[in-house]
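These are the residues of each chain, in order.
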Amino acid sequence: MLILVAVGSGAMLLWQTLSGGMGQAGIAVSETVQKLNREKGVLIDVRDAADYAAEHIAQARHLPLAEVEARLPQMVKNKNVPVMFICTSGVRSSRAMQVARKLGYEQAFSVAGGMGGWKNANMPVVKGAASR
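A.B. asks: Help me get a handle on the pattern of salt bridges, residues and values and all.
C.D. replies: With the rule as written, the count across this model stands at five salt bridges. Close ionic contact of K35 with E39 constitutes a salt bridge, the shortest N to O distance being 3.7 Å. Looking at K35, the relative accessible area reads 8%, which means it is buried. What makes E39 partly exposed here is its relative accessible area of 38%. D45 is the salt-bridge partner of R47, the closest N and O atoms lying 2.8 Å from each other. Since its relative accessible area comes to 4%, R47 is described here as buried. Relative accessible area serves as the criterion here: at 0%, D45 is assigned to the buried category.

A.B. asks: Give me the nonpolar core: which residues, what numbers.
C.D. replies: Among the nonpolar cores identified, the biggest contains 17 residues, and I44, L72, V76 and F85 are the most heavily contacted of them. Listed by contribution, the elements that provide at least two residues to this core are β1 (42–45), α4 (68–75), β4 (83–86) and α5 (91–102). Residues within four places of F85 in sequence aside, it is in contact with I44, V46, V68, L72, S93, A96, M97, A100, A108, F109, S110 and V111. Grouped together as the second largest cluster of nonpolar side chains are 12 residues, L36, A60, V111 and W118 included.

A.B. asks: Can you break down unusual backbone geometry residue by residue, with the values?
C.D. replies: Phi at K40 takes a positive value of approximately 55°, unusual for a residue other than glycine. Here K40 is to be found in the loop between α2 (29–38) and β1. At N122, a position not held by glycine, the phi torsion is positive, near 60°. Position of N122 relative to the elements: it lies in the loop between α6 (114–120) and β6 (126–127).

The rules behind these values
- Residues numbered from 1 in each chain as written.
- Predicted model: local features only at pLDDT ≥ 70, side-chain atom pairs only at ≥ 80, totals over all residues.
- Heavy atoms only, no water.
- Salt bridge = Lys/Arg side-chain N within 4 Å of Asp/Glu carboxyl O.
- Buried < 20%, exposed > 50% of the residue type's maximum accessible area, 1.4 Å probe, protein only.
- Core = buried A, V, L, I, M, F, W, Y, C linked by side-chain atoms within 4.5 Å.
- Helix = DSSP H or I, 4+ residues; strand = E, 2+ residues; numbered from the N terminus.
- Contact = heavy atoms within 4.5 Å.

Next comes the structure, spelled out in C-alpha cells:
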C-alpha cells in the first residue's frame, strides 16, 4: 500500500512539473519568485478587494479579474516583462493569463495553486493591510 502511495505521489509531482510551465496548471511558486526577482516581473492579484485586503503577497498589485482587460495595459506598460497572476486557487488567474496573452503579453503566467500554493510553499503574506 505504501509503495502505491509513493508511486502515485511521484507520478502527480512529475505530471505537475512537466505541465507546469505554460499550461493551465500554471507556474510553480519557486519560478514565480525567480521571475519577480531576476526578471523584474510583476505579480497581480486578481481576487476581489475583500480577499486582497484580508491577505495578499507584499509585492502583488491588486487588479480584479473583471478589470484586467481594461486596466492591465495601464498597470504594466512593458509587454515583454513577465506578468504573473494569482488568485485563490488558480482558476481566475488562468483566465487573467489568457486575457493578458490576447493583449500581447507573451510572458503572462498563472501561479499554480494560487494563494493556497503560495502559503503551502511557506511564502510570506501580508495580513489585514489596506488594499492598494
